[in-house]
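Architecture at a glance
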Amino acid sequence: LSSALATPLVLVTYFDAFGRAKFNNSQRVAEALVQRFASGEKGIRLKACGLNTVFDRAYVQTQDCLKGLSETPIMVIGLG
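In this text, all values refer to a predicted model and were calculated from it rather than measured experimentally.

On to the overall build of the protein, then. Helices and strands together make up the secondary structure of the protein, namely three helices and three strands. For the protein, the sequential pattern of α-helices and β-strands runs α-β-α-β-α-β. A principal-axis box enclosing the C-alpha atoms of the protein has dimensions of 45 × 25 × 15 Å. Per-residue burial over the protein gives 25% buried out of 80 residues. Restricting to contacts in the protein with at least 6 residues of sequence separation, those with at least 24 account for 69%. On the protein, roughly 5,700 Å² of surface is accessible, and the fraction owed to carbon and sulfur atoms is 54%. Within the protein, one finds 9 positive and 6 negative side-chain charges whose respective centroids are separated by 7 Å.

Core analysis: the largest hydrophobic core is formed by eight residues, namely Val10, Val12, Tyr14, Ala30, Phe37, Ile44, Leu46 and Leu79. Of the residues forming this core, the biggest block, three residues, is contributed by strand β1 (residues 9-15). In this view, Leu46 contacts Leu9, Val10, Val12, Leu33, Val34 and Phe37; residues no more than four positions away in its chain are not counted.

Looking now at a nonpolar patch on the surface. On the surface, a nonpolar cluster with roughly 350 Å² of combined accessible area is contributed by Phe55, Tyr59 and Val60. Locating Tyr59 in the fold gives a position in helix α3 (residues 55-68).

Ordered by their spatial adjacency, three strands build an open sheet running β2-β1-β3, and the pairing between neighbours is parallel. Whereas interior strands pair on both sides, the edge strands pair on one side only; in this sheet they are β2 (45-51) and β3 (75-78). Each neighbouring strand pair of the sheet contributes to a mean axis angle of 25°, computed without reference to strand direction. As defined by bridge partners, β1 adjoins β2 across seven bridges and the pair is classed as parallel. Looking at β2, one finds that Val10 is bridged to Leu46. Packed onto the sheet, helix α2 (residues 25-36) meets β1 and β2 and runs at close to 160° relative to β1. Each of β1, β2 and β3 is contacted by α3, which is oriented at about 150° to β2, the strand it contacts most.

This structure, assessed with the given rule, holds one disulfide. Two residues, Cys49 and Cys65, share a disulfide whose sulfurs are 1.8 Å apart. Across the S-S bond of Cys49 and Cys65 the torsion is about 75°, and the bridge reads as right-handed. Taken together, the residues span a long stretch of sequence, with Cys49 in strand β2 and Cys65 in helix α3 at a distance of 16 residues. Its relative accessible area of 23% is what places Cys65 among the partly exposed residues.

Conventions used here
- Residues numbered from 1 in each chain as written.
- Predicted model: local features only at pLDDT ≥ 70, side-chain atom pairs only at ≥ 80, totals over all residues.
- Heavy atoms only, no water.
- Helix = DSSP H or I, 4+ residues; strand = E, 2+ residues; numbered from the N terminus.
- Buried < 20%, exposed > 50% of the residue type's maximum accessible area, 1.4 Å probe, protein only.
- Contact = heavy atoms within 4.5 Å.
- Areas by Shrake-Rupley, 256 points an atom, 1.4 Å probe, with all protein chains shown as cover.
- Lys, Arg positive; Asp, Glu negative; His and termini not counted.
- Charge placed at Lys NZ, Arg CZ, Asp CG, Glu CD.
- Core = buried A, V, L, I, M, F, W, Y, C linked by side-chain atoms within 4.5 Å.
- Patch = residues over 30% accessible without salt bridge, like charges linked within 9 Å, V, L, I, M, F, W, Y side chains within 5 Å.
- Salt bridge = Lys/Arg side-chain N within 4 Å of Asp/Glu carboxyl O.
- Pairing = 2+ DSSP bridges.
- Axes fitted to C-alpha atoms, helices over the stretch in contact; angles between N-to-C directions.
- Disulfide = S-S within 2.5 Å.

In short, shape yes, function no, at least from these values alone.
In structure tokens form, the structure reads like this:
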């Protein structure tokens, strides 16, 4: 019953900085989105998941993020 009344969760993935960059814009966008929806007042919650820019690692990291959640997200958004 509590899960039926809970605010839906969305997982937002982003990539880490690569090359000589000090940051990746996808991380900044993901963090801003999570902050904006932090209160849950908008009817949805967001959780960010950082990924490595190497595909094989990013895939496993996404799986780990999903396994680490206490509930299944209604959506996964990948920022790149």
